[in-house]
Amino acid sequence: MLAALGDPVHLGEDPGTASLYDAALLGLMWATMTGWLHGTAVVGADKIEATAFTPVAIRWMGAVAGFLTRYAGQVDEGRYPGDDATVDVQIAAIDHLIHAAHERGVDNALPELLKAAMLRARAAGHGSDSFASLVEVLRNPVQE
């Protein structure tokens, strides 16, 4: 019966868990869509249409899903082997994005926010760890 309303997923006995997942998934959705919109603005500045960029972006999401699957185990274990693109490598990569967007007059608030988290992770000793190690700085935000 619930399938008629959507995709039912059992998340356990605590009814509050569904609401918690909803909030977390909304964060994922907004971050993903805002990243896509930023990318669309970057390529759009060079006259590339969103409809041309989007199929490539969706294809890229398959690779992102692979990272999520791999990083989930790292987060659960609290170990972040740097055998893929480390935080230091990601900082260099995001600098490329920031430069490309800046050169095209595109707002960089989102990538600058992401870079700030990466820099905090590096400062906390995670530069040679995987990107999943950012969870440690997200779990322990800077108190002001």
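Cut-offs applied
- Residues numbered from 1 in each chain as written.
- Predicted model: local features only at pLDDT ≥ 70, side-chain atom pairs only at ≥ 80, totals over all residues.
- Heavy atoms only, no water.
- Core = buried A, V, L, I, M, F, W, Y, C linked by side-chain atoms within 4.5 Å.
- Buried < 20%, exposed > 50% of the residue type's maximum accessible area, 1.4 Å probe, protein only.
- Helix = DSSP H or I, 4+ residues; strand = E, 2+ residues; numbered from the N terminus.
- Contact = heavy atoms within 4.5 Å.
- UniProt positions renumbered as here; feature names shortened; annotations may be inferred.
- Axes fitted to C-alpha atoms, helices over the stretch in contact; angles between N-to-C directions.
- Parallel < 35°, antiparallel > 145°, perpendicular 65-115°, else oblique.
- Left-handed = near helix turned anticlockwise from the far one by under 90°.

An unreviewed UniProt entry lists the protein under the name NADPH-dependent reductive aminase-like C-terminal domain-containing protein, from Nonomuraea mangrovi.

1. As for the nonpolar core
Residues Val87, Ile91, Ile94, Ile98, Ala117, Met118, Ala121, Leu134 and Val137 constitute the largest nonpolar core, which totals nine residues. Going through the elements one at a time, α3 (87-103), α4 (109-126) and α5 (134-139) are the ones with two or more residues in this core. For this core, the element with the most residues is α3, which contributes four residues. Here Ala121 is in contact with Val87, His126, Gly127, Leu134 and Val137, once residues within four sequence places are set aside.

2. Here we look at the UniProt feature "domain: NADPH-dependent reductive aminase-like C-terminal" (unreviewed entry) in the protein
In the numbering used here, UniProt assigns the feature "domain: NADPH-dependent reductive aminase-like C-terminal" (unreviewed entry) to residues 14-139. Structurally, residues 14-139 comprises 78% helix and 0% strand, and the distance from its first C-alpha atom to its last is 23 Å.

3. Observations regarding the packing of α3 against α4
Each pair of packed helices can be described by the angle between their axes along with the distance between the axes. Where α3 contacts α4, the two axes come as close as 10 Å, and the packing angle between them is 160°. When the axis of α3 is compared with that of α4, the two are roughly antiparallel. Crossing of α3 against α4: the hand is left-handed. Every residue of α4 that contacts α3 at Val87, Asp88, Gln90, Ile91, Ile94, Asp95, Leu97 and Ile98 is listed here: Pro111, Glu112, Leu114, Lys115, Met118, Leu119, Ala121, Arg122 and His126.

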